[in-house]
Amino acid sequence: MPSGRRVGLFVTCLVDMMRPRIGFAALKLLQGAGFEVLVPPAQTCCGQPGWNSGERGSARALAEKLVGEFERCDYLVAPSGSCSGMIKTHYPALFQGEGAWLARVEALAAKTWELTDFLLNVARLDLPPGRFRGTITYHDSCAGLRELGVKQQPRRLLARMPGVALAEMKDSETCCGFGGTFSIKFGEISAAMAETKCENIAASGAGTVVLGDLGCMLNIEGRLRRRGDEATRVLHVAEVLAGESD
Amino acid sequence: MRIQSMQFKARAHGALADAKLQSVMRRFGSGFVDKRAAAREAYGVEAFEGLRDASAAIRDRGLANLDAWLLRFEEQATRAGTTVLWARDAAEIRRHVLEICARHGLRKAIKSKSMVSEEAGLNEALEASGVTPVETDLGEYIIQLAKEPPSHIIAPAIHKDKEQVSDLFAEHHHRPRLTDTEALTREAREMLRGHFLSADLGISGGNFLVAETGSVAIVTNEGNGRMVTTLPKVHVAITGIEKVIPTLEDLSTLNRVLPRSATGQEIENYFTIVTGPRRVGDLDGPEHMYVILVDAGRTRLVGSDMQQMLRCIRCGACMNHCPVFQTVGGHAYGWVYPGPMGSVLTPVYNGLENALDLPQAATLCGACEVACPVKIPLPELLRTLRERQMQAGLRPWRERAGFRLWAFAAKRPRLYALATAIGVRVLKLMGGAKGRITKLPLGSGWTLGRDMPAPEGRTFRELYAARRRR
């Protein structure tokens, strides 16, 4: 594990466009934990949309770009399990059998972290700076959970906050139905899966659902509102931990 | 079986609109999932993971020398008195079985569950030539009465509820309509008993073929497999060539992982190893035994980037854990095998162009991969098939153009910054006071059943740059 303190923040394209405040929350958390945070200004997308849709060429081009932008940092941290999972578990497959590139990619993959995993296990954050009062139910995003083993990390951090009560929903590990382009190609099935998720959120009794990925966030929030639920809040874990949720 | 996978979307739409099916699928939801989790827990999580590794390794060892193990199986099975036949495709399976019927003058076949016979459309072929097929697995029996294909590889009638079964039994058995599950099961047993005793042909699948002994191993929960393989004069086992494993020792490992992964059972109720027909002095068993080894597309996978799919032991764990399957059920997939394993097998056996939606109809959530007892990387295989579709020009041009445009912009930070800055402002406006969009011009798939939360209105990079300037 590198010993440096320079973290490259990969904001992710969805946070950049849809929810900048999550990017600032991540920035605040990392700086607060004593890290020097670099935000490479030319960063865009990790290439996951192309990779998951069989457009290897475009994924590959964006991966090369990202590697060049972040390899000088001691760590790459992203407020997303699916983007960090892309870099950590799929980039090596994308560069399979290419000696020099593969070595660079594997080096970057080794120092890539999902935000809560980093905060708990590298930064050893004791007390998140945010303040929050209420009951939270946590939705496990698929890539974070199954590619990176992010399960207890966000829960442990949230549990350290004095005002937070955690209430597990049924099937918290079941996909919300987002699945990238799946959500548009198979909108009807995707929305039905989101509906099941919303029912489980409602049944948990929590007033807030917290998660770690933008895709799930937009999907779940979009379905909650469509089914007439104006009350349940949908927050990214970084917003809650940083106290940027208002 | 006729493939209807190109109608996946329409079939899924029908499934979502079918209130009865939806209530059945809701109950199916986590049933098998919870049972598997409990069985894994009871076995010891670490030990179970070790068992998965060992099982994958056994399957790989079999597949690495598939030809040699198959010849070994043939040699040993022949020595035990079994006639081994090879079938290149579905038509050859049908031809072999009909020839066997003609040779021995067979008129009625009792069947224990065989998905390969579904591939071959065997029941229709038997009926057409005057042989009556009777499915004896309870689920298969139900759907045979309903004239439907299975919707799940180990729970073929999972899409039916008790009421529908009551109706079917009353209609076909000409008896008073029963509603109690136990009574219904008893009625099915009574009806089947006569068939078991009067059939002259037994047709089974085979869960595993053991090369060193020339044996066919069959697992069932209802005991019907044992009747099918022992009572009639002739027994025909039909199974894919990939089912061969080297040794009995391997079988014991795989038989620990199979029932736990499938139904969460420690062991199936009936586990049968059949080695040849009845020998002198045997109390039971058929006079003749045949094994039909089926290729039907399998050898094409050997040595390809899809070879890992041949590890599959047909436990159903991937579909049990699949949130898409849980939502639309198995019939939507349109061929013999549904769920994640079916979304790989259907296009690779029948042609990429005949099942375009299936590799796409997954969120790549990975639930199947972590549940698979032989560690088939199903999401990776689906992704590979998507890549093949793209390369073969089988995706709509708009989709390809969309990804290329995205990559073109994302490689050019200035253009990207400009485009996204404009985009988020437009979307913000579209979101109005409530901050959500109810109709997206290019994303109607999304807004059909959901709102799209509107963006904040400025990109992170804009706000961050402004902050740095301060």
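Note that this is a predicted model, so its numbers are computed, not measured.

What counts and how
- Residues numbered from 1 in each chain as written.
- Chains lettered and ligands numbered in written order.
- Predicted model: local features only at pLDDT ≥ 70, side-chain atom pairs only at ≥ 80, totals over all residues.
- Heavy atoms only, no water.
- Helix = DSSP H or I, 4+ residues; strand = E, 2+ residues; numbered from the N terminus.
- Buried < 20%, exposed > 50% of the residue type's maximum accessible area, 1.4 Å probe, protein only.
- Contact = heavy atoms within 4.5 Å.
- Areas by Shrake-Rupley, 256 points an atom, 1.4 Å probe, with all protein chains shown as cover.
- Lys, Arg positive; Asp, Glu negative; His and termini not counted.
- Charge placed at Lys NZ, Arg CZ, Asp CG, Glu CD.
- Rg over C-alpha atoms; globule rule 2.2 N^0.38 Å.
- Salt bridge = Lys/Arg side-chain N within 4 Å of Asp/Glu carboxyl O.
- Core = buried A, V, L, I, M, F, W, Y, C linked by side-chain atoms within 4.5 Å.
- 1 Å grid on protein atoms, 1.4 Å probe; cavity = no way out; pocket = protein on both sides within 12 Å on 5 of 7 lines; lining within 4 Å.
- Points joined across faces, edges and corners; volume = space filled by probe spheres on them.
- Nonpolar A, V, L, I, M, F, W, Y, C, P; charged D, E, K, R; others polar.
- Pairing = 2+ DSSP bridges.
- Axes fitted to C-alpha atoms, helices over the stretch in contact; angles between N-to-C directions.
- Patch = residues over 30% accessible without salt bridge, like charges linked within 9 Å, V, L, I, M, F, W, Y side chains within 5 Å.
- Parallel < 35°, antiparallel > 145°, perpendicular 65-115°, else oblique.
- pLDDT = per-residue confidence, 0-100.
- Buried area = accessible area lost by both parts, 1.4 Å probe.
- Polar contact = N/O pair within 3.5 Å; in protein donor to acceptor, adjacent residues only side chain to side chain.
- Expected span 1.5 Å × (residues − 1).
- Arc of directions from axis to C-beta.

Caption draft 1: Summary view of the overall build of chain B. Helix and strand counts for chain B stand at 21 helices and twelve strands. Here chain B, with 470 residues, has 57% of them falling under the buried criterion. Restricting to contacts in chain B with at least 6 residues of sequence separation, those with at least 24 account for 73%. Total accessible area on chain B stands at roughly 19900 Å², and carbon and sulfur atoms take up 54% of it. Distance between charge centroids for chain B: 10 Å, based on 64 positive and 51 negative side chains.

Caption draft 2: Region of interest: the overall build of chain A. Helix and strand counts for chain A come out as 13 helices and eight strands. A compact globule built from 246 residues should have a C-alpha radius of gyration of about 18 Å, and chain A, at 18 Å, falls within 12% of that. Projected onto its principal axes, the C-alpha coordinates of chain A cover approximately 50 × 40 × 25 Å. In chain A, which comprises 246 residues, the proportion classed as buried is 65%. Within chain A, contacts between residues separated by at least 24 positions form 76% of all contacts whose residues are at least 6 apart in sequence. Carbon and sulfur atoms provide 51% of the accessible area of chain A, an area that totals close to 8200 Å². Of the charged side chains in chain A, 28 are positive and 27 negative; the average position of the first set lies 3 Å away from that of the second.

Caption draft 3: Structural context of the side chain of Glu114 of chain A. With respect to the element layout, Glu114 of chain A can be found in strand β4 (residues 112-114). It is Arg155 of chain A that comes nearest to the buried, bridge-free Glu114 of chain A among opposite-charge side chains, at 10 Å.

Caption draft 4: A look at the pattern of salt bridges. Using the criterion set out here, one finds 47 salt bridges over all chains in the structure. Between Lys185 of chain A and Glu399 of chain B there is a salt bridge; the shortest N-O distance is 3.2 Å. Here Glu399 of chain B lies in helix α18 (residues 397-410) and Lys185 of chain A lies in helix α10 (residues 182-185), a pairing that spans two chains. Take Lys185 of chain A: its relative accessible area is 17%, and that puts it in the buried class.

Caption draft 5: Representation of the nonpolar core. Counting 111 residues, the largest nonpolar core has Ile189 of chain A together with Phe73, Ile238 and Met309 of chain B as its most contacted members. Discounting chain neighbours no more than four positions away, the residues touching Phe73 of chain B are Val84, Leu209, Val210, Ala211, Gly214, Ser215, Val216, Val244, Val291 and Leu293 of chain B. Ranked by size, the runner-up nonpolar core spans 69 residues in total, among them Val15, Leu27, Leu29 and Leu224 of chain A.

Caption draft 6: How the structure looks around the layout of surface pockets. Residues and elements named next belong to chain B. Computed from the structure, the second largest pocket encloses a volume of approximately 1500 Å³. Contributing to the lining of the second largest pocket are 50 residues, with Asp137, Ile154, Ala155, Pro156 and Glu222 lying nearest its centre. Taken together, the elements giving at least two residues each to the lining of the second largest pocket come down to α2 (19-43), α6 (115-120), α8 (138-146), α9 (162-173), α10 (181-198), β6 (215-220), β7 (234-240) and α12 (248-262). Ranked by residues supplied to the lining of the second largest pocket, first place goes to α2 with six residues.

Caption draft 7: Broad picture of empty space enclosed by the protein. Residue and element names in this part refer to chain B. Under the counting rule described, the total for this entry stands at five cavities of 30 Å³ or more. Empty space within the largest cavity amounts to approximately 130 Å³. Around the largest cavity, the lining is made up of 17 residues, and of these Cys322, Pro340, Ala362, Thr363 and Cys368 lie nearest the centre. Only α14 (323-328), α15 (339-350), α16 (367-371) and α17 (378-391) provide two or more residues apiece to the lining of the largest cavity. It is α15 that contributes the most residues to the lining of the largest cavity, three residues altogether. When grouped by side-chain class, the residues that make up the lining of the largest cavity number 13 nonpolar, four polar and no charged.

Caption draft 8: Focus on the pairing of strand β1 (residues 6-9) of chain A. Bridge analysis of β1 of chain A against strand β2 (residues 36-38) of chain A gives three bridges, and the strand direction is parallel. Opposite Val7 of chain A, over in β2 of chain A, you have Val37 of chain A as the bridge partner.

Caption draft 9: Spotlight on the sheet that holds β6 of chain B. Residue and element names in this part refer to chain B. Read from one edge of the open sheet, four strands run β8-β5-β6-β9, paired in mixed fashion. Whereas interior strands pair on both sides, the edge strands pair on one side only; in this sheet they are β8 (244-245) and β9 (270-274). Across five bridges, the pairing between β6 and β9 is antiparallel. Following the sheet pairing, Thr220 is matched in β9 by Tyr270. Packed onto the sheet, α12 meets β5 (208-210), β6, β8 and β9 and runs at close to 160° relative to β5.

Caption draft 10: A look at helix α9 (residues 152-159) of chain A. Of all the positions in α9 of chain A, only Gln153, Pro154, Arg155, Leu157 and Leu158 of chain A are classed as buried. Where α9 of chain A is buried, its residues meet α7 (115-121), β5 (134-138), β6 (164-166), β7 (208-211) and α13 (237-242) of chain A.

Caption draft 11: Geometry of the sheet that holds strand β2 (residues 108-111) of chain B. Residues and elements named next belong to chain B. Spatially, the six strands line up as an open sheet ordered β1-β10-β7-β4-β2-β3, and their pairing is parallel. Strand pairing shows two members of the sheet lacking a second neighbour, β1 (83-87) and β3 (132-135), which therefore form its edges. Ignoring which end each strand starts from, the neighbouring axes of this sheet average 20° apart. On the sheet, helix α4 (residues 66-79) packs against β1 and β10 (288-294) and is oriented at approximately 145° with respect to β1.

Caption draft 12: Molecular detail of a nonpolar patch on the surface. A cluster of nonpolar side chains, Leu418, Ile422, Val426 and Met430 of chain B, forms an exposed patch at the surface whose accessible area comes to about 360 Å². Inspection of the secondary structure assignment puts Ile422 of chain B in helix α19 (residues 413-431).

Caption draft 13: Local environment of the packing of helix α11 (residues 187-204) of chain A against helix α12 (residues 214-226) of chain A. Residues and elements named next belong to chain A. Between α11 and α12, the least distance of the axes is 9 Å, while the angle of their chain directions is 80°. Classified by the angle between their axes, α11 and α12 sit roughly perpendicular to one another. Only Asn219, Ile220, Arg223 and Leu224 of α12 make contact with α11, whose side of the interface consists of Ser190, Ala191, Ala194, Glu195, Lys197, Cys198 and Ile201. Broken down by class, the residue content of the contact of α11 with α12 amounts to six nonpolar, two polar and three charged.

Caption draft 14: Structural detail: the confidence of the model for chain B. Averaged over all residues, the pLDDT of chain B is 96; the fraction at 70 or higher stands at 100%. Reported for the predicted complex are a pTM of 0.97 and an ipTM of 0.96.

Caption draft 15: Just the interface of chain A and chain B, in detail. The interface of chain A with chain B comprises 62 residues on the first partner and 60 residues on the second. In total, about 5500 Å² of surface goes out of reach between chain A and chain B, with carbon and sulfur atoms giving 61% of it. At the boundary of chain A with chain B, the tally comes to eight salt bridges. Here chain A and chain B share 31 residue pairs in polar contact (both at pLDDT 80 or more) between them. Secondary-structure elements contributing two or more residues to the side of chain A that touches chain B are α1 (13-18), α2 (20-32), α3 (48-52), α4 (56-70), α8 (142-148), α10, α11 and α12 of chain A. Per element, the largest residue contribution to the side of chain A that touches chain B is nine residues, and it comes from α11 of chain A. Of the residues assigned to the side of chain A that touches chain B, the class counts are 26 nonpolar, 19 polar and 17 charged.

Caption draft 16: Broad picture of helix α3 (residues 45-64) of chain B. All names here are of chain B. The terminal C-alpha atoms of α3 lie 29 Å apart, and with 20 residues this matches the ideal 28 Å at 1.5 Å per residue to within 8%. Within the sequence span of α3, burial applies to Phe48, Leu51, Arg52, Ser55, Ala56, Ile58, Arg59, Gly62 and Leu63. When α3 is viewed along its axis, its buried side chains cluster within an angular range of 160° and face the same direction. Exposed positions of α3 whose direction lies more than 90 degrees from the buried face are Glu46 and Ala64. Against the buried residues of α3 lie α2, α4, β8, α12 and α16.

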